[in-house]
Amino acid sequence: MNKNVRKAVIAGNWKMNKTRPEAKALLEELKPMVADIKNVEVVACVPFTNLETALAVTEGTNIKIGAENCHFEKSGAFTGEISADMLAEMGVEYVVLGHSERRQYFAETDETVNKRTVAALAAGLKPIVCVGELLWERECNITEEVIARQIKLDFFGINADDLKKCIIAYEPVWAIGTGKTATADQAEEVCAFIRATLAKLYSAEVAEAVTIQYGGSMNAANAAELVSKTNVDGGLIGGASLKAADFTTIINAAENG
Ligand code: PGA
């Protein structure tokens, strides 16, 4: 395992938070705090309504902007949806796909996550694809089966070159927004399993190149231990990304880890 072949990526997932003035204020505060970060890709995934503001505020800085979802069709009669092309045209670089909240509340399935991933890649976006087990699945000891199934389905038909453009976020559903973080060993165990699964499906070289994040109640206090793990290449951060100081502490932990 060679962590040095992968750049750490710390991505904030703002979810349904922040008006435009609030988004501007948060990013203006964050900009100088992360200006010297060299080894970590800093990303803010923001609501659609904040994308234009976020892109303008971060222009010329080391903060990259992502969206929180996209539709899989290029255009058409899909009221309320946003296409990958629409995001790419704006200058958006990343897009979160298959987040457990989308799966849970908006009926997204591995099939639609796969279609969204294909569409995002075709538009030149970098997908952050979320996978993770429910609490009862962990208790039934089928975490690896659940994760392997999600990886196989979500990346079905995606070739090795495109897979390398994807980030996989391991987010145990029981840890999201609950304050219950997976232990660093639990996170490492599943992230290593994801990498081993990719090695089987693609090759060891491809598996080593893919960035795998941990997400789920990652915060300023626990980030350093999580990102110190061999297969944890950063984090997808919800609540703690809404405070510039906490988000910066997490970024610094990855920069120095
Ligand atoms: P959390 O969210 O950090 O608030 O648990 C993580 C996520 O949902 O990506």
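A few points on the structure. (Residues numbered from 1 in each chain as written. Predicted model: local features only at pLDDT ≥ 70, side-chain atom pairs only at ≥ 80, totals over all residues. Heavy atoms only, no water.)

1. Considering the site of the ligand
Move 1: Within the structure, the ligand sits among 13 residues, and Lys15, His99, Glu171, Gly177 and Ser217 are positioned closest to it.
Move 2: In the model, an oxygen atom of the ligand is placed 2.8 Å from a nitrogen or oxygen of the lysine 15 side chain.
Move 3: In the model, an oxygen atom of the ligand is placed 2.9 Å from a nitrogen or oxygen of the glycine 238 main chain.
Move 4: Relative to its free-state accessible area of 280 Å², the ligand is covered by the protein chains to the extent of 95%. (Near = heavy atom within 4 Å. Polar contact = N/O pair within 3.5 Å; in protein donor to acceptor, adjacent residues only side chain to side chain. Areas by Shrake-Rupley, 256 points an atom, 1.4 Å probe, with all protein chains shown as cover.)

2. Details of the sheet that holds strand 2 (residues 40–45)
Move 1: Judged by pairing direction, the barrel is parallel, and its eight strands sit side by side in the order 1-2-3-4-5-6-7-8 before closing back on the first. Across the sheet, the mean angle separating the axes of adjacent strands is 30° when strand polarity is ignored.
Move 2: Bridging between strand 6 (residues 167–170) and strand 7 (residues 211–215) involves four bridges; their strand directions are parallel. Counted as the bridge partner of isoleucine 168 is isoleucine 212 from strand 7.
Move 3: Against the sheet, helix 7 (residues 143–154) contacts strand 5 (126–131) and strand 6, and its axis sits at roughly 150° relative to strand 5. (Pairing = 2+ DSSP bridges. Helix = DSSP H or I, 4+ residues; strand = E, 2+ residues; numbered from the N terminus. Axes fitted to C-alpha atoms, helices over the stretch in contact; angles between N-to-C directions. Contact = heavy atoms within 4.5 Å.)

3. Re unusual backbone geometry
Move 1: If you check the backbone angles, lysine 18 has positive phi at about 85° while not being a glycine.
Move 2: In this structure lysine 18 comes out as partly exposed when scored by relative accessible area, which is 28%.
Move 3: Even without a glycine there, the phi angle at asparagine 141 is positive, about 65°.
Move 4: As for its position among the elements, asparagine 141 is in the loop between helix 6 (135–139) and helix 7.
Move 5: We classify asparagine 141 as exposed; its relative accessible area is 66%. (Buried < 20%, exposed > 50% of the residue type's maximum accessible area, 1.4 Å probe, protein only.)

4. Focus: helix 1 (residues 20–34)
Move 1: The end-to-end C-alpha separation of helix 1 is 21 Å, in line with the 21 Å expected for 15 residues at 1.5 Å each.
Move 2: Taken together, the buried positions of helix 1 are occupied by Ala23, Leu26, Leu27, Leu30 and Val34. In an axial view of helix 1, the angular spread of the buried residues amounts to 95°, which keeps them on one side of the axis. Summarising the geometry of helix 1, the exposed residues directed more than 90 degrees from the buried face are Pro21 and Pro32. (Expected span 1.5 Å × (residues − 1). Arc of directions from axis to C-beta.)

5. Regarding the nonpolar core
Move 1: Grouped together as the largest cluster of nonpolar side chains are 70 residues, with contacts concentrated most on Ile194 and Tyr214.
Move 2: For this core, the leading source of residues is helix 9 (residues 184–201), giving seven residues. (Core = buried A, V, L, I, M, F, W, Y, C linked by side-chain atoms within 4.5 Å.)

6. Considering the packing of aromatic side chains
Move 1: Taken as a whole and assessed by the stated rule, the structure comprises one aromatic pair.
Move 2: Note that arginine 102 overlies the ring of phenylalanine 106, its terminal NZ or CZ placed 4.1 Å from the centroid. (Phe/Tyr/Trp six-rings, centres within 6.5 Å; stacked < 30°, edge-to-face > 60°. Lys NZ or Arg CZ within 6 Å of the ring centre and 35° of its normal.)

7. A look at the environment of glycine 98
Move 1: Tracing the backbone through its elements, the reader meets glycine 98 in the loop between strand 4 (94–97) and helix 4 (100–105).
Move 2: Look at glycine 98 and you get buried, because its relative accessible area is 1%.
Move 3: Put simply, glycine 98 and glutamate 225 are 127 residues apart on the chain and 26 Å apart in space, counted from C-alpha to C-alpha.
Move 4: When residues no more than four places from it in sequence are discounted, the contact partners of glycine 98 are Arg103, Glu108, Val113 and Cys130.

8. Quick word on the side chain of histidine 71
Move 1: Its location among the elements puts histidine 71 in the loop between strand 3 (63–67) and helix 3 (84–90).
Move 2: For histidine 71, a relative accessible area of 8% translates into the label buried.
Move 3: Within the structure, the side chain of histidine 71 is placed 3.0 Å from the backbone nitrogen of glutamate 73, a separation counted as a polar contact.
Move 4: Ignoring any residue separated from it by four or fewer positions in sequence, one finds histidine 71 in contact with Phe78, Glu81, Ile82, Ser83, Ala84, Arg116 and Ala119.

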